[in-house]
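Examination of the molecular architecture
Spelled out, the chains give:
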Amino acid sequence: MCSSFSNSQRSFQKRTSNFQVGVILDLKSVVGSMGLSCMSMALSDFYSIHSNYSTRLSLHVRDSQGQVIEAAAAGLDLLKNVKVDAILGPETSAQANFLMDLGDRAQVPIISFSATSPSLHTRTPYFVQATQGDDTQVGAIAAIVKAFRWSQVVIIYEDSEYGSGIVPYLSNAFQDVNAHISYRSVFPVSASDDFVLKELYKMMNLQTRVFVVHMSYTLGVRLFLKAKEIGMTEKGYAWIITSGLTDLVYLMDSDAAEAMQGVLGVKPLIPKSKQLNSFVNRLKKKSLEKSPGIGRADLSIFGLWAYDTLWALAMAAERVGLKETPKALENSSVNLNVSDLFNFKTSEVGPQLLKAMSEAKFEGLSGKFHLVDGKMESSSYQIINVVGNGQKEVGLWIPSHGIRREMNMNTTTHDTSSSENIRSIIWPGDSTVVPKGWEVPMSGKKLKIGVPVKAGFTDFVRVTRDGQANGRISGFYIDVFKSVMEALPYAVPYELVPFENPDGSSAGTYNDLIYQVFLRNYDGAIGDITITANRSKYVDFTLPFAEGGVLSIVPITYEDVNDIWAFLKPLKKELWLTSIAFFFLTGLTVWILEHRVNSAFRGPPSQHVGMIFYFPFSTLVFAHREKIVNNLARLVVVVWMFVILILSSTYTASLSSRLTVQRLQPSITDVNELIKNRDFVGCQEGSFIVDFLKKQGFEGSKIRTFTSPDDCDEALSRGSKNGGISAFYDVIPYSKLFLSKHCDKYMTVGPTHRTDGFAFAFRKGSPLVADVSRAVIELTENGKILEMEQNWLRNEPTCAGPEDSMNSITISLQSFKGLFAITGGVTAVCLLIFIGSYLYKYREFHRRISNSRITIWSKVVAICRHFDQRSLSSRQPQDKLPEAGIIQNSSSENSVQLTDFPRNHSNSSEIVSSAPEEVHDASATIHRLNLEDISAAQHSGVIHPSA
């Protein structure tokens, strides 16, 4: 029994499990035949190395004949009858697109090494894209476009799943490098020669000369043969092909290879190895034996991917292990209720194989084999130049490092997108000059450049006619454009076409001309065209070659020096009012500071008021004779005298200048004044300034347009009230030219309204814009434009202006704010110090007044009369006062004590007259109080009860 078990165990160990693998290829195509050969070699190599493995792959080959229907039928046969565990090789994206649905229903992995459409792997987890998707190469193609600074490209692709899948990725990649797709040409897979020629002629008439081709091998060869036939592979053209074509260039015959001379291509980078060299030699030998025409099939990346794919599937099968023969279960079938054709069993091994293959990692012949989300991990790309009968590598593109000459991660370059990182290239037409990427179509057509036509304002752009002859176009800005075009590094044929009606009149405004460029009736427009936001929506502008900005021109008026109020004009109203206020403030402050100590500032109320106004005004001519006693008052007066000196000197100088020199002033000084008065304003006919003035607030009915400078001169001279205008608005160049002829009559007022300058306009996306802008910068920097301006305008009449004329200047408060701040501050500080000192010195008196029960008015009167009395510090000593004996000061100056006051009040004034002035004031206060006030005063202690 033991012997029997041992024999059974030995038999189980020797047993192998076969995995059924379907292969669907077009056996007559290059990729199909090459893929089958490589898979056959891979199967042999794998099991010769791993002879001890317990699993084996059995291949069941079906010929799709290049048809989707045949491929689908083969897939159904393999799934239903053979019951395969995996299917290899839907060769095209269209075939894979159908077969992946079958694989998803049967849970059988569909593995393709040649279907490269980026959208395939996202539809079902049972589709494995064991190849580089087309989306991985768009970065390399965009890097080439950026390196050579091409701004426009044309995409040519076939109308299939393979062709259209790459387009969205190409669009995004070109957008990232600021390249515009000027045209997309779609070719049917079975396009006729007539269709190919028609599309090529259409592209030949475009300005773009950079073409990116993404097509299958057969259609791509036909495209290049026809392109060479009509001259589209000559000097000046640039062609870039994707990896599908690049990888099969070596298979082309001599005619196709000659047509593709100078073409650039990209293909995945294959690392060199001993295993690869050995495989190449064996494959070449095998290929020569079977088909001498495929002598260099070892160079195809598709064959290497086929080899590595089968190797990965064999490793996955071994990882899954022994496979049990599945039992026929009723619930294992998928009934779709459509037809028995689609009634097949789901695979139990398929999900396991899919998982095992996704985890496979190894170094294959094509490089590192590793699937990420069901597709091959992206790698670097070679940049290939088709030369002679072969191709040469001119650079590498590494996803994280850009373009490099060699695969050296340690080297650093400042700009990885520069063409300096690419080796020398032979371009179409056997040229070594890098194509500029665009040019005028070679059909004899010249660029049609529109020029505005105007009856007047022709100093910069002029269209004249000699009898019935065509118009002659000249002018400063025309010469600028011609010089710019001559400065380009290449020749651009063009013709200047007046924008006019058959009768020679202008065909419209500047905006109309711009719109005609947008409609492609013109290739561009030149002249005195200002860049505006609205116009930039329809055309592309170059950099401006003339300064921008809008000025307001108004008539000059002469100031009347015989005006009776001329003496008030040197100072503005606010300065006059401020000066008068400070005169009064200074006089009042000096009176307050000097009143108690200086007899010159005492007297009846009328004298007080006169002194307050007289003293500060007398300082204007330093005629004040009053002696200043208080130190605080002296400080105030000193500072005020300094202000008066500056103010009077300025006023005198300004007034004398106004009376002795003829002065000019604008009739209008503010745009708001024009709008408020509803005055008429003017500008050039057809100019953007009409819209500009409306935005400023002018009514459309108040804007008048003119066709010549003479009409503007006449309208400004008449004025708005006499059928003319009050102001004329124009751009800076024309404003300067107008004023140079009429500077004795007009002047500019207000700010310069910022606008962009004059520039040349071209169609949207025109490649000329960048090069013309650079030429404008060059001519500006070397002074060429300035030299042309001087040559054109040197014969223009100039105006020296009126003799001894000056602009009127009125001094404003702003010029004296500092001085007024100083004197105001000093005055306020001195006044506060004096008031504080007074309140502190007589604090007891003010306390008794505030605590008394008399009315508020009586309190105010008492305080004012106390302040009005003369300070004792300015009187004679106490011992020299009259000894009346009936009135004496208390020990405190804050109270007045009356003793032995006579009962008869009739002679009280005689008695009090000999007392100090404080007593006089107190007595006068008492006499003027009514009986209730006297009683209240006695009770409060202000007056002694004995009184």
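Residues numbered from 1 in each chain as written. Predicted model: local features only at pLDDT ≥ 70, side-chain atom pairs only at ≥ 80, totals over all residues. Heavy atoms only, no water.

Once that is clear, we can look at the overall build of the protein chain. Counting its regular elements, the protein chain contains 31 helices and 32 strands. Out of the 947 residues belonging to the protein chain, those deemed buried represent 49%. If you take every contact in the protein chain between residues at least 6 apart in sequence, the share linking residues at least 24 apart comes to 73%. A total accessible area of about 46,400 Å² is found for the protein chain, and carbon and sulfur atoms account for 53% of it. (Helix = DSSP H or I, 4+ residues; strand = E, 2+ residues; numbered from the N terminus. Buried < 20%, exposed > 50% of the residue type's maximum accessible area, 1.4 Å probe, protein only. Contact = heavy atoms within 4.5 Å. Areas by Shrake-Rupley, 256 points an atom, 1.4 Å probe, with all protein chains shown as cover.)

Despite not being glycine, Q107 has its phi angle at roughly 55°, a positive value. Structurally, Q107 can be placed in the loop between α4 (93-106) and β4 (110-112). The phi angle at R149 is positive, at roughly 55°, despite the residue not being glycine. Here R149 shows up in the loop between α5 (138-147) and β6 (152-158). For R149, a relative accessible area of 76% puts it in the exposed group.

Scanning the model with the defined rule gives 15 salt bridges in all. One salt bridge connects R763 with D523, and the closest N-O pair in it is separated by 2.9 Å. Taken together, the residues R763 in strand β29 (residues 761-763) and D523 in the loop between α16 (510-518) and β21 (524-525) connect sequence positions 240 residues apart. Taken as a pair, R763 and D523 share a single burial class, namely buried. R774 is the partner of D771 in a salt bridge, and the nearest nitrogen-oxygen pair spans 2.5 Å. With D771 and R774 both in helix α24 (residues 768-781), this residue pair falls three residues apart, about one helical turn. When its relative accessible area of 52% is taken as the criterion, R774 is described as exposed. (Salt bridge = Lys/Arg side-chain N within 4 Å of Asp/Glu carboxyl O.)

Let us now look at the pairing of strand β15 (residues 390-398). Of the pairings in the sheet, the one linking strand β14 (residues 381-387) to β15 comprises seven bridges and is antiparallel in character. If you follow V386 over to β15, its bridge partner there is Q391. Connecting the antiparallel pair β14 and β15 is a turn made up of two residues, with G388 showing a positive phi of about 65°. Two elements, β15 and strand β16 (residues 402-404), share three bridges in a ladder whose sense is antiparallel. Pairing of I398 across the sheet is with G402, part of β16. The turn linking β15 back onto β16 is made up of three residues. (Pairing = 2+ DSSP bridges.)

With that out of the way, let us pick up the packing of aromatic side chains. Inspection of every chain in the model, using the stated rule, returns 36 aromatic pairs. Between F46 and Y53, the ring centres sit 5.7 Å apart and the planes meet at 65°, which makes this aromatic pair edge-to-face. The rings of F460, F476, Y477, F481, Y494, F545, Y734, F758 and F760 are connected pair by pair, giving a single aromatic cluster. Sitting above the plane of the Y522 ring, K448 keeps its charged end 5.0 Å from the centroid. The ring of F680 has R704 lying over it, and the distance from NZ or CZ to the ring centre is 3.6 Å. (Phe/Tyr/Trp six-rings, centres within 6.5 Å; stacked < 30°, edge-to-face > 60°. Lys NZ or Arg CZ within 6 Å of the ring centre and 35° of its normal.)

By the burial criterion, the buried members of helix α14 (residues 350-358) are G350, L353, L354, A356 and M357. Buried residues along α14 sit against β1 (17-25), β3 (86-88), β4, β5 (127-129), α13 (301-320) and β12 (367-372).

Next up on the list: a nonpolar patch on the surface. On the surface, I564, W565, F567 and L568 cluster together to form a nonpolar patch covering roughly 420 Å² of accessible area. Within the secondary structure, F567 is located in the loop between β23 (550-558) and α17 (573-594). (Patch = residues over 30% accessible without salt bridge, like charges linked within 9 Å, V, L, I, M, F, W, Y side chains within 5 Å.)

Turning to the packing of α17 against helix α26 (residues 817-841), a few remarks are in order. Here α17 crosses α26 at 25°, and the two axes come no closer than 11 Å. What the angle tells us is that α17 and α26 run roughly parallel. As α17 packs across α26, the resulting crossing turns out to be left-handed. Touching L575, T578, S579, F582, L585, T589, I592 and L593 of α17 are F820, T823, G824, T827, C830, L831 and F834, all from α26. Split by residue class, the contact of α17 with α26 holds nine nonpolar, six polar and no charged. (Axes fitted to C-alpha atoms, helices over the stretch in contact; angles between N-to-C directions. Parallel < 35°, antiparallel > 145°, perpendicular 65-115°, else oblique. Left-handed = near helix turned anticlockwise from the far one by under 90°. Nonpolar A, V, L, I, M, F, W, Y, C, P; charged D, E, K, R; others polar.)

For the rest of this paragraph, the subject is the sheet that holds β21. The pairing of strands in a sheet happens through backbone hydrogen bonds and is either parallel or antiparallel. The five strands are arranged β20-β17-β21-β29-β22 in an open sheet whose pairing can be described as mixed. Unpaired on one side and paired on the other, β20 (494-499) and β22 (539-541) mark the two borders of the sheet. The pairing of β21 with β29 spans two bridges and is antiparallel. Considered in β29, the bridge of G524 is made with F762.

Right, let's get into empty space enclosed by the protein. A full pass over the atoms with the stated rule returns three cavities of 30 Å³ or more. Of the volumes computed, that of the second largest cavity is approximately 100 Å³. As for the second largest cavity, its lining consists of K454, Y510, D528, T530, R535, Q684, S687, F688, D730, V731, Y734 and F758. Of the residues belonging to the lining of the second largest cavity, the class tally is five nonpolar, three polar and four charged. (1 Å grid on protein atoms, 1.4 Å probe; cavity = no way out; pocket = protein on both sides within 12 Å on 5 of 7 lines; lining within 4 Å. Points joined across faces, edges and corners; volume = space filled by probe spheres on them.)

Tracing the backbone through its elements, the reader meets Q382 in strand β14. When its relative accessible area of 14% is taken as the criterion, Q382 is described as buried. Of note is the side chain of Q382, whose polar atom sits 2.6 Å from the side chain of E393. Not counting residues up to four positions away in its chain, the partners in contact with Q382 are G265, V266, K267, P268, L269, E393, G395 and L396. (Polar contact = N/O pair within 3.5 Å; in protein donor to acceptor, adjacent residues only side chain to side chain.)

What follows covers the UniProt feature "transmembrane region" (unreviewed entry) in the protein chain. In this structure's numbering, the residues bearing the UniProt feature "transmembrane region" (unreviewed entry) are residues 575-593, 635-653 and 818-840. Measuring from the first to the last C-alpha atom of residues 575-593 gives 27 Å, for a span that is 100% helix and 0% strand. Secondary structure within residues 635-653 divides into 100% helix and 0% strand; the distance between the first and last C-alpha atoms comes to 28 Å. (UniProt positions renumbered as here; feature names shortened; annotations may be inferred.)

Read across the open sheet, the eight strands follow the order β7-β6-β8-β9-β10-β14-β15-β16; overall the sheet is mixed. Each end of this open sheet is capped by a strand with a single partner; those strands are β7 (180-187) and β16. Each neighbouring strand pair of the sheet contributes to a mean axis angle of 25°, computed without reference to strand direction. Here strand β9 (residues 238-241) runs beside strand β10 (residues 264-268); their pairing, made up of two bridges, is parallel. Counterpart to I240 in the pairing with β10 is L264.

So, about the confidence of the model for the protein chain. Overall, the prediction assigns the protein chain a mean pLDDT of 79, with 79% of residues at 70 or greater. Scored below 50 in pLDDT, residues 293-298 shows eleven contacts in the model against residues more than four places distant or in partner chains. Taken as a whole, residues 875-947 scores under 50 in pLDDT and shows 77 contacts with residues more than four places along the chain or in a different chain. (pLDDT = per-residue confidence, 0-100.)

In terms of strand pairing, β1 meets strand β2 (residues 55-63) through nine bridges, oriented parallel. Bridging from a neighbouring strand, Q20 pairs with S58 of β2. Handedness of the crossover joining β1 and β2 through helix α2 (residues 30-49) is recorded here as right-handed. (Right-handed = clockwise from strand over helix to strand, strands pointing away.)

Our next topic: the nonpolar core. Among soluble globular proteins, nonpolar side chains are generally buried collectively. Counting 66 residues, the largest nonpolar core has F545, I689, Y729, F760, L768 and V772 as the members making the most contacts within it. Here this core takes seven residues from helix α15 (residues 476-487), the largest share from any one element. Grouped together as the second largest cluster of nonpolar side chains are 51 residues, M34, A86, L283 and V320 included. (Core = buried A, V, L, I, M, F, W, Y, C linked by side-chain atoms within 4.5 Å.)

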